[in-house]
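Chain by chain, the residues run as shown.
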Amino acid sequence: MSGYAIEAVGLRRTYRSRTGWLRPQRREVEAVRGVDLTVGNGELFGLLGPNGAGKTTTIKLLNTLLIPTAGTARVCGHDVVTQTREVRRRIGYVFGGDRGLYDRLSARDNLRYFAELYGVPAREQKRRIAELLDLVRLTGREQERVEGYSRGMRQRLHIARGLLHRPRVLFLDEPSIGVDPVAARELRRTVADLAATGTTVLLTTHYMAEADELCDRIAVIANGTIQALGTPAELRHHADGRQVLEVEAYGVADAQLAAIHALPGVREASVTVTGATQVLTVQSDAGVDVQAAVLRELDGVRLGRVTARQPTLEDAYVAIVNRINAPTRPLEAVGG
Amino acid sequence: MIAVGLLLHTKQLTRSPFEIATALIVPVVQATLAVYLFRAGGEPGRLLEAAVGAGLMGVWSSVLFGSGGAIQNQRWQGTLEMLMLAPRPPALMILPITLATAVTGTYAMLATLLWGRLLYGVPLNFAHPLLFLVAVPGCVLGLGMFGLLLASTFVLLRNANALANTLEYPIWLVSGMLVPLTVLPGWTGPIAAVLPTTWGARAVQEAASGGPVWPSLGLCLAISLGCLVAGALMMTHVERRARAAATLALA
Ligand SMILES: Nc1ncnc2c1ncn2[C@@H]1O[C@H](COP(=O)(O)OP(=O)(O)O)[C@@H](O)[C@H]1O
Ligand SMILES: [Mg+2]
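About the cut-offs
Residues numbered from 1 in each chain as written. Chains lettered and ligands numbered in written order. Predicted model: local features only at pLDDT ≥ 70, side-chain atom pairs only at ≥ 80, totals over all residues. Heavy atoms only, no water. Helix = DSSP H or I, 4+ residues; strand = E, 2+ residues; numbered from the N terminus. Rg over C-alpha atoms; globule rule 2.2 N^0.38 Å. Buried < 20%, exposed > 50% of the residue type's maximum accessible area, 1.4 Å probe, protein only. Contact = heavy atoms within 4.5 Å. Areas by Shrake-Rupley, 256 points an atom, 1.4 Å probe, with all protein chains shown as cover. Lys, Arg positive; Asp, Glu negative; His and termini not counted. Charge placed at Lys NZ, Arg CZ, Asp CG, Glu CD. Near = heavy atom within 4 Å. Polar contact = N/O pair within 3.5 Å; in protein donor to acceptor, adjacent residues only side chain to side chain. Nonpolar A, V, L, I, M, F, W, Y, C, P; charged D, E, K, R; others polar. Pairing = 2+ DSSP bridges. Axes fitted to C-alpha atoms, helices over the stretch in contact; angles between N-to-C directions. Salt bridge = Lys/Arg side-chain N within 4 Å of Asp/Glu carboxyl O. Core = buried A, V, L, I, M, F, W, Y, C linked by side-chain atoms within 4.5 Å. Domains from an automatic or database assignment. Expected span 1.5 Å × (residues − 1).

### Focus on the overall build of chain B
Point 1. Of regular secondary structure, chain B possesses eleven helices and zero strands.
Point 2. Computed over its C-alpha atoms, the radius of gyration of chain B comes to 18 Å, within 12% of the 18 Å expected for a compact globule of 251 residues.
Point 3. Overall, chain B is about 60 × 40 × 30 Å in size when its C-alpha atoms are taken along their principal axes.
Point 4. Classification of the 251 residues of chain B by burial places 51% in the buried group.
Point 5. Within chain B, contacts between residues at least 6 apart in sequence are counted, and of these 79% link residues at least 24 apart.
Point 6. Carbon together with sulfur atoms contributes 74% to the accessible area of chain B, which is approximately 10700 Å² in total.
Point 7. Once the 12 positive and 7 negative side-chain charges of chain B are each reduced to a mean point, those two points are 7 Å apart.

Structure, rendered in C-alpha cells:
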C-alpha cells in the first residue's frame, strides 16, 4: 500500500448530455481536464475554485460516484473504479445543501439507517450515534423529524452521518454553503478537530478564508485544471511583486472598470458590492503607482475611502484564477 | 440490515401526507366498488373474495408506483448517492425500499376489509384464517422482491411513469385479483402463469375462500426469488451505468 491517502493521475471527466426534445442535440462539458494530486495521510487538503471549476466533479471521481473518462485515482491504495467496495469502506462524503436526508425520519433514525448501511456493528451503533450527535451538538433534538431542522442543523447531521463508520478519508464538498457565519465557524472547528485526530480531509470551498484557515495545502482549481498548488504561504507568493489599491465607490460603470483594467501596470481590477457600497480592488505591479490614473478614470463617481495595501492570500487567489481568463480578455492585452 | 431499512423506509413512506390521504380514501372506494360489482352480479356469497381482491389491488398499486419510482424518488431526495456509497451490493440498498412499498400496500388490504365490514357488512369468514395471515405477508414479500426488478428496469426507461400507469390495470386483471382467471381470454393464461402477482393473489384468495394455499404461495415466492436475482443483476448494471453517465445525482 502506498503512503498516500489520495492519489490522482491525469483525471478527466467529460459530461455528455442531450438537450432538446424535438431535435436532440449532444452537448459535451469537459468538467475536469487532467487533475494530478496527492494527499498525505492525515492531511487537510483544500480544493479551492470558483463555481463550475470542477470541484464537485473531482470529489465524485475520487469517492466512486463517477467513473473517470480518463486517468486513475486511488484512495488508501485502492483503485476507485475497480475496487469500489474497498474504497467505500474507508471514505465519508458530506455535501453542502439541505438534501440527502430522510426528511420524515428523525435524526436518530437517519443515523441508525446509515449506520446499518455503512456496516457499523450493531452493538456499537447506539454509542457511536450518541457520540456523533454530541459532536455535532444535536443531542436533545435527535427525536425530531429532520423536516423541521434548520439549514445548519441539517448540515451538522450530514457530517455526523459521514463520520458514522469512522472513515479514514472524509470528502467535504462545500460544507459551509448556505450556513450562517456562526454555524460556519463551528463547522470549521469540527473539521479542524477531525483532522487533528488523524482523519484525512479533502475539502472543497469557494471561500478563500475558509481554505486559508483550515488547510495544510490548497489546490486552486479553475476550468477543470489545477492552476496552483501549495501551502497558503506558498500560494501567497503568486501575488508577489504586486500591490493593491482599494477604493470605496458608489456607481462604477462597466466601461470604467474596463478602462481601469487597461491602464498600464494594472493586473486585475474587480468590483464587489456590499450593501450600497462598491469596493473596487485594483492589483498592479509594485513598481507602478496607479492611484492617480485610477482616480482619474473614476472622475464623476462619488468615492469613499481609498487605501493602498499589501496583497493578501485572497488577492493571490484572484490572480491565479484570472490568469486563465487573461488571453480571452482583449482589454487586458492592451494593459500588458 | 434489510429489516432496519424496511422499518425506516416504511416510516418515511407512511408519513407523507399525500400517502396518508390516498391510503384513507382509496380503500373505501375500492371496497365500495367491489361490493357493488358483486352485488350487481348477484353473487353476495362472494363478497369476501371481492374485498380481498380489492385489497390485493391496493398492494399491487403501491408496489408498482412505489417501486417503479423508488430510484427516481431517492434521486430527488438526494439520498441515492448516499445509498450507493454504502460498501454493499446496490440491490441490497433498494430492496428494503421496494419491500416497504409492499408493506405499506398491506395497509390497503386491511383497510379495504375493515371498510367492507363496517360499511357493507361483508362477512369476514375466512376459510383458513391462520393461513390468510401467512399468505398475505408471503404475497407482500413476493411483490416486494418483484418490485426490485421493476425498480431496476424502470430506472432505465425514459417513460417509466407512463409505463407504470399502463401496467396498473392490466396486471390486476391478468393476475385475477378481481375477476376469476377463467373468465379471461385464453392467451392471457401464460402471462398470468409467469407473474408472481397471479400466484400471490391466488394464495391469498385460497386462504380467504378455501383451497390449497401452499402450492400457490410457493410458486409466488419462487418466481419472486427469480425476479430478485434478475433485479439484483440489473441493479449492478444500472449502478455502473449511472456512474458512467453521471445520473446518480440531479444534474
Ligand atoms: N451532471 C452533469 N451534466 C453535465 N454537466 C455537468 C454535470 N455536473 C456538472 N456539470 C458541469 O461541469 C462543470 C463543473 O461542475 P462542478 O464539478 O459541479 O463544479 P464546482 O463544484 O467547482 O462548482 C460545470 O460547467 C457544470 O455545469
Ligand atoms: Mg460544487
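Having seen the model, we can carry on.
### Concerning the site of ligand 1
Point 1. Near ligand 1 lie twelve residues; those nearest to it are Gly 52, Gly 54, Lys 55, Thr 56 and Thr 57 of chain A.
Point 2. Those residues lying near ligand 1 are distributed over chains A and B.
Point 3. Between ligand 1 and Thr 56 of chain A, the relevant distance is 2.6 Å, taken from an oxygen atom to a side-chain nitrogen or oxygen of the residue.
Point 4. In the environment of ligand 1, an oxygen atom lies 2.5 Å from a nitrogen or oxygen atom belonging to the side chain of Thr 57 of chain A.
Point 5. Calculation on ligand 1 without its partners gives an accessible area of 560 Å², and the protein chains cover 71% of this total.
Point 6. Among the secondary structure elements, those contributing two or more residues to the shell around ligand 1 are β2 (25–40) and α1 (55–62) of chain A.
Point 7. Ranked by the residues each element gives to the shell around ligand 1, the list is headed by α1 of chain A, at three residues.
Point 8. Grouping the constituent residues of the shell around ligand 1 by class yields six nonpolar, five polar and one charged.

### Examining the sheet that holds strand β3 (residues 44–48) of chain A
Backbone hydrogen bonds are what pair the strands of a sheet, in a parallel or an antiparallel way.
Residue and element names in this part refer to chain A.
Point 1. Taken in spatial order, the six strands of this open sheet run β6-β7-β8-β3-β9-β10, and their pairing is mixed. Two strands in the sheet have a free side with no partner beyond their single neighbour: β6 (91–95) and β10 (225–230). Put simply, the sheet's adjacent strands are angled 15 degrees from each other on average, direction ignored.
Point 2. Pairing analysis gives four bridges linking β3 to strand β9 (residues 217–222), with the strands arranged parallel. Residue pairing in the sheet places Leu 47 in a bridge with Ala 219 of β9.

### A word on the pattern of salt bridges
Point 1. A full pass over the atoms with the stated rule returns 25 salt bridges over all chains.
Point 2. The salt bridge involving Glu 131 of chain A is made with Arg 128 of chain A; its shortest N-O contact spans 2.6 Å. In this pair, Glu 131 of chain A and Arg 128 of chain A both sit in helix α4 (residues 122–135), three residues apart, roughly one turn of the helix.
Point 3. Given the relative accessible area of 37%, Glu 131 of chain A is considered partly exposed.
Point 4. Its salt-bridge partner being Arg 202 of chain B, residue Glu 206 of chain B comes within 4.0 Å of it at the nearest N-O pair. Of the two residues, Glu 206 of chain B and Arg 202 of chain B are both situated in helix α10 (residues 196–209); the distance of four residues between them amounts to about one turn of the helix.

### What to know about the nonpolar core
Point 1. Within the largest apolar cluster, 102 residues are counted, with the highest numbers of intra-cluster contacts made by Ile 6, Phe 114, Phe 171 and Val 220 of chain A together with Leu 83 and Ile 94 of chain B.
Point 2. Each of two domains, domain 1 (4–18 + 27–230) and domain 2 (237–323) of chain A, supplies a minimum of three residues to this core.
Point 3. Those residues within four positions of Ile 6 of chain A in sequence are excluded, and the remaining contacts are Leu 37, Thr 38, Val 39, Leu 62, Arg 74, Val 169, Phe 171 and Leu 202 of chain A.
Point 4. Ranked by size, the runner-up nonpolar core spans 45 residues in total, among them Met 57, Ala 135, Val 174 and Trp 199 of chain B.

### What about helix α1 (residues 2–14) of chain B?
Point 1. End to end, α1 of chain B covers 18 Å across 13 residues, agreeing with the expected 18 Å (1.5 Å per residue, within 8%).
Point 2. Every buried residue of α1 of chain B is accounted for by Val 4, Gly 5, Leu 8, His 9, Thr 10 and Gln 12 of chain B.
Point 3. Those residues of α1 of chain B hidden inside the fold are in contact with α3 (107–117) of chain A together with α4 (70–77) and α6 (90–120) of chain B.

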